[in-house]
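Residues per chain are reported as follows:
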Amino acid sequence: VTKRRIKVKSDFGVSARSKRLVFLLLPTRFSVFLFRRFIDDNFERNALIAAKFLVDANNVYPTRFYRLLPKFLKFSLSLGGVDLPSNYLNFLSRSLVQTRRTPSSRQKVRQDAIIETEKLPWQLLNPQGWKLLSLALSGFGLIRAGTVARNNCLKSALNEMSLNTASERTVNLAICGLLESRRFDEARICIEKFSESLSPEAITDVYGTYLELMKQHRPNSSAPDSKTSTPTDQLFSHLVTGKNIALVAPGVITTESGAEIDAHDTVVRIKFNGKSAMPAEKLVGKRCDITSHNSDLLTIASGDQVTSTALLNDADDLKLLIAKKGDFKSIGALPVKSMKAWPPTFLTTGTSGTLILFDLLTASPKKLKLFGFDFYSNRNIYNNAILMHYRGSATPDGESTKALSWDQGLFSIHSIARSNISHDLKSDFLLIKNLYELSGLIDGTPEVIALLNLTADEYDLKLEEMLGDW
């Protein structure tokens, strides 16, 4: 009997994209009115939803319909309550169309975008508006202009907090921005002042843990709770606490690091799909004790024997799966642990590598060494072995990559830039850089350390240089 494959709804699925296309094509004022009248009238939630429309706008960029970009961009920003001066909005719209027609103009457009964005007063937008604008700019490759907007986002959030008009989402945004900037005392004061607006888990497991890792004092009343330890928790502690950990990303590793990786007490691999989906053993080793996957994939695997078998096949030494979200007990005979706390990244949630890294650090390893981390500064986001696995995969991990360019194993450039919309890559970089420089727990290969030694501005430049002229 063939089991019917379980489908997981996605905001980026064909049906959801088609529904969003209707709003994008209607006259902007009318479509924004309809959305707020019949879908959602919460401005903060709309700012989050607007980011999905930005992804749709990005998808139009490489097509022959690129002239719709100004229309799509205007709707996305309007839905998120981003009320920009018409001259700035026109400049941005013209610039995107110009770079599409003449890729060699992108370097000048990037510089002009910085100048024009710096002219906008930080009081112009609320924190969620600056956040959306930053994601929009970065998502179209204007990384340094996006940094101007994200800096204004923090200023605006702190201003609302000083006026006691900040929502819970804005309070959390401000705290994460302060932590990222190493303004630890200010962050602690904010946590304590607005403690009634924050969840106990955020205060204790996220902010308290991060401050402690930075060798700072925890906020008052944020001592870790004594929670019931399950057999899965005990296994995780056994594999991580006091151990030397190798954390291996699915990026490109060109040096022969296999023996060193396998010599660690515990080997953790991000998105491990079996040894057949790994590069040569001399490069990346063969052991895998722990891996992490997204919850959509594990939801399918928990109800579908085919997916479950494929996930665990050729993984004979795997001892534990870690899920980003959900309440999974096991996949087949393999225990599953849900992440205890997500790292305090600024504009968006962390990428897979940052999430699992922070989760490992909560269990007090002796040392954690990073392999294959390039912080999205390489066009080859994944190594060729896992790319080939995803190419023939029907799982959620592979769906987002199947439509991309597979020529020479490279993603199309607009798709790489698009990752700046769903993820604040600079925040991932700065969080790990802070941990590397201040916690004493992080190490890495020479290639990883060279990246972590970049300044924040140098990292922006590196991302723009990597994107080049599309």
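Please refer to the structure placed before this passage.
Calculation rules
- Within each chain, residues carry numbers counting from 1 in the order of the written sequence.
- This being a predicted model, a pLDDT of at least 70 is required before a residue's local features are given, and a value of 80 or more before pairs of side-chain atoms are given or counted; all residues contribute to the totals for chains, interfaces and linings.
- With hydrogens and water set aside, each side-chain value is computed from the structure's full complement of heavy atoms.
- A helix here means a DSSP run of H or I that spans at least four residues, while a strand means a run of E at least two residues long, and both kinds are numbered starting from the N terminus.
- Per-residue accessibility, obtained with a 1.4 Å probe over protein chains only, is compared with the maximum for each type, and a residue is labelled buried under 20%, exposed over 50%, and partly exposed between these values.
- Charged residues are defined here as Lys and Arg on the positive side and Asp and Glu on the negative side; His and the ends of the chain fall outside this count.
- For this document, the term salt bridge refers to a Lys or Arg side-chain nitrogen within 4 Å of an Asp or Glu carboxyl oxygen.
- The definition of a polar contact used here is a pair of N or O atoms within 3.5 Å, where within protein one atom must be able to donate a hydrogen and the other to accept one, and adjacent residues in sequence count solely through side-chain atom pairs.
- Between two residues, a contact is recorded if the distance between any of their heavy atoms is within 4.5 Å.
- A helix is expected to reach a length of 1.5 Å times the quantity of its residues less one.
- In this analysis the local bend is the angle between axes fitted, respectively, to the seven residues ending at and the seven residues starting at the residue.
- Any two strands with at least two DSSP bridges between them are considered paired.
- Two aromatic rings from Phe, Tyr or Trp, using only the six-membered ring of Trp, form a pair when their centres are within 6.5 Å; if the ring planes differ by under 30 degrees the pair is stacked, by over 60 it is edge-to-face, and anything between is tilted.

1. Remarks on the side chain of Arg 106
For step 1, the next point in the chain: Positionally, Arg 106 belongs in helix α6 (residues 106-118).
For step 2, the next point in the chain: Although buried, Arg 106 forms no salt bridge, and the nearest oppositely charged side chain, Asp 469, lies 5.6 Å from it.
For step 3, the next point in the chain: Here the side chain of Arg 106 touches Phe 140 through a polar contact of 2.9 Å, landing on its backbone oxygen.
For step 4, the next point in the chain: Ignoring any residue separated from it by four or fewer positions in sequence, one finds Arg 106 in contact with Tyr 61, Thr 99, Phe 140, Gly 141, Leu 142, Gly 468, Asp 469 and Trp 470.

2. Thoughts on the environment of Asp 289
For step 1, the next point in the chain: Of note, Asp 289 is situated in the loop between α14 (281-284) and β3 (290-293).
For step 2, the next point in the chain: Linking Asp 289 and Asp 316, residues 27 residues apart in sequence, is a C-alpha distance of 9.4 Å.
For step 3, the next point in the chain: From its side chain, Asp 289 meets the backbone nitrogen of Val 267 in a polar contact 2.8 Å long.

3. As for helix α11 (residues 200-213)
For step 1, the next point in the chain: Taking 1.5 Å of rise per residue, 14 residues should cover 20 Å, and α11 covers 18 Å from first to last C-alpha, within 8% of that figure.
For step 2, the next point in the chain: The largest bend along α11 reaches roughly 30° and is located at Tyr 207.
For step 3, the next point in the chain: Burial within α11 is extensive, with 11 of its 14 residues counted as buried.
For step 4, the next point in the chain: The secondary structure elements touched by the buried residues of α11 are α9 (168-180), α10 (184-193), α17 (352-361) and α21 (425-438).
For step 5, the next point in the chain: Of the residues one or two after α11, Lys 215 is the one with positive phi, at around 65°.

4. Brief notes about the sheet that holds strand β2 (residues 266-270)
For step 1, the next point in the chain: If you walk across this open sheet you meet the 8 strands as β5-β6-β4-β3-β2-β1-β7-β8, and the pairing is mixed. The open sheet has two edge strands with one neighbour each: β5 (330-331) and β8 (442-444).

5. Focus: the packing of aromatic side chains
For step 1, the next point in the chain: Summed over all chains, the structure comprises 9 aromatic pairs.
For step 2, the next point in the chain: Between Phe 53 and Phe 75, the ring centres sit 4.9 Å apart and the planes meet at 75°, which makes this aromatic pair edge-to-face. One end of the pair, Phe 53, is in helix α3 (residues 43-60); the other, Phe 75, is in helix α4 (residues 69-79), with 22 residues separating them in the sequence.
For step 3, the next point in the chain: Put simply, the rings of Phe 23, Phe 35, Phe 53 and Phe 75 touch in pairs and so form one group of aromatic residues.

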